[in-house]
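One-letter residues, chain by chain:
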Amino acid sequence: MRKHIVAGNWKMNNGLIQTETLIVELKKQEKTSDAEVMIAPTFTNLWHAFQSAKQSGIEVIAQNMHFAENGAYTGEISAGMLKSIGIQTVILGHSERRAYFNETDESLAKKVDAALANGMRVIFCFGEELSDRKSGNEEIIVESQLKNALFHLSTDAFKHIVLAYEPVWAIGTGETATPDQAQTMHAFIRKTIAEKYGNDVADSISILYGGSVKPSNAKEIFSKPDVDGGLIGGASLKAEDFFAIVNAF
Ligand code: PEP
């Protein structure tokens, strides 16, 4: 059976005190689902969050990393550095990274390689813009993102990828893809993986949906057969809301 995963992307929110306060609140929540729970605080709070969340069942993960192992990349963080403080999973390719920091499928392919070479798990984000969907090109875009950033991987390497389909028009906008739109795209993504890596691999890969998931819509979205969890932005900043989503499975 595929893993259910609910990951909270805190983005550039929460200083040290707020990070600790939110983790304390998260640890008080009751978990009634089988979903793996992850939170992605900012770089400066990763070490503290990692220590604070130890033994809570909440995995602390990173929002980004550079592809180089070290060197003259001022302001950047490497996979080895994340590993050195215990971080095992990294989000790559978030649409905000693509839009504001010029990340491309080509640079993301290098980041994916570096993360996997360091034994990390990758949550790879991708998804179409509103204009792509309006012009009916959403599947072409999604397929090309997958192929360009990930399909150079061996079958064994690909198994360490978790996919997060995030239509850009639904991120932070309050507008959610309908459960049927999410299911249609997730099924297409799984078919595309099956064509490259075979049915067994395609059936084993968790595909998360991201884009304005809230306590009020999570259950319906997660009820779709190809939706294996969620990448949650805004609603992950409130412990009760986040766990209402976790428990929607
Ligand atoms: C995200 O940042 O990945 C995201 C899905 O944000 P939101 O839930 O706020 O739309």
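As shown above, the structure is provided for reference.
The model shown is predicted, which means the values in this text are computed figures rather than measured ones. (Residues numbered from 1 in each chain as written. Predicted model: local features only at pLDDT ≥ 70, side-chain atom pairs only at ≥ 80, totals over all residues. Heavy atoms only, no water.)

Chemist: Any chance you could break down the pairing of strand 7 (residues 207-210) for me, citing the residues and the numbers?
Modeler: Where burial is concerned, the two faces of strand 7 agree: the one with I207 and Y209 and the one with L208 and G210 are both buried. The parallel pair strand 7 and strand 8 (residues 229-232) is bridged by helix 11 (residues 215-222), and the resulting crossover is right-handed. (Buried < 20%, exposed > 50% of the residue type's maximum accessible area, 1.4 Å probe, protein only. Helix = DSSP H or I, 4+ residues; strand = E, 2+ residues; numbered from the N terminus. Right-handed = clockwise from strand over helix to strand, strands pointing away.)

Chemist: Kindly report on the site of the ligand, identifying the contributing residues and their values.
Modeler: Within the structure, the ligand sits among 14 residues, and K11, E166, G172, S212 and G233 are positioned closest to it. Here an oxygen atom of the ligand sits 2.8 Å away from a polar atom, N or O, in the main chain of S212. At 2.9 Å from an oxygen atom of the ligand is found a main-chain nitrogen or oxygen belonging to G234. Compared with its free state, where it exposes 290 Å², the ligand has 95% of that area covered by protein. Looking at side-chain class alone, the shell around the ligand contains four nonpolar, eight polar and two charged residues. (Near = heavy atom within 4 Å. Polar contact = N/O pair within 3.5 Å; in protein donor to acceptor, adjacent residues only side chain to side chain. Areas by Shrake-Rupley, 256 points an atom, 1.4 Å probe, with all protein chains shown as cover. Nonpolar A, V, L, I, M, F, W, Y, C, P; charged D, E, K, R; others polar.)

Chemist: Hey, could you go over the packing of aromatic side chains for me, with residue numbers and the actual values?
Modeler: This structure, assessed with the given rule, holds eight aromatic pairs. Measuring from centroid to centroid gives 6.4 Å for Y165 and Y209, while their planes differ by 55 degrees, and the two rings are tilted. Of the two residues, Y165 sits in strand 6 (residues 161-165) while Y209 sits in strand 7, which places them 44 residues apart along the sequence. The exposure class assigned to Y165 is buried, which follows from its relative accessible area of 1%. Take Y209: its relative accessible area is 0%, and that puts it in the buried class. Each member of the aromatic cluster is reached from another via a ring pair, and the members are F124, F126, Y165 and Y209. Here K110 stacks its cationic end above the ring of F67, 4.4 Å away from the centre of that ring. Positioned above the aromatic ring of Y197, the side-chain terminus of K196 is 5.7 Å from the ring centre. (Phe/Tyr/Trp six-rings, centres within 6.5 Å; stacked < 30°, edge-to-face > 60°. Lys NZ or Arg CZ within 6 Å of the ring centre and 35° of its normal.)

Chemist: Go over the sheet that holds strand 7 with me, naming the residues and quoting the values.
Modeler: Strand order in the open sheet made by the eight strands is 3-2-1-8-7-6-5-4, with parallel pairing throughout. With one partner strand each, in any of the chains shown, strand 3 (58-60) and strand 4 (89-92) form the two edges of the open sheet. With strand direction ignored, the average angle separating the axes of adjacent strands in the sheet is 25 degrees. Looking at chain direction, strand 1 (residues 5-9) and strand 8 are connected through four bridges and run parallel. (Pairing = 2+ DSSP bridges. Axes fitted to C-alpha atoms, helices over the stretch in contact; angles between N-to-C directions.)

Chemist: Let's hear about the pairing of strand 2 (residues 36-40): which residues, and what values?
Modeler: Here strand 2 lies mainly inside the structure; four of its five residues are buried. The pairing of strand 1 with strand 2 spans five bridges and is classified as parallel. Across the sheet, residue A7 finds its bridge partner in strand 2, namely M38. Pairing of strand 2 with strand 3, which is carried by three bridges, proceeds in the parallel orientation. The residue of strand 3 that forms the bridge with M38 is E59.

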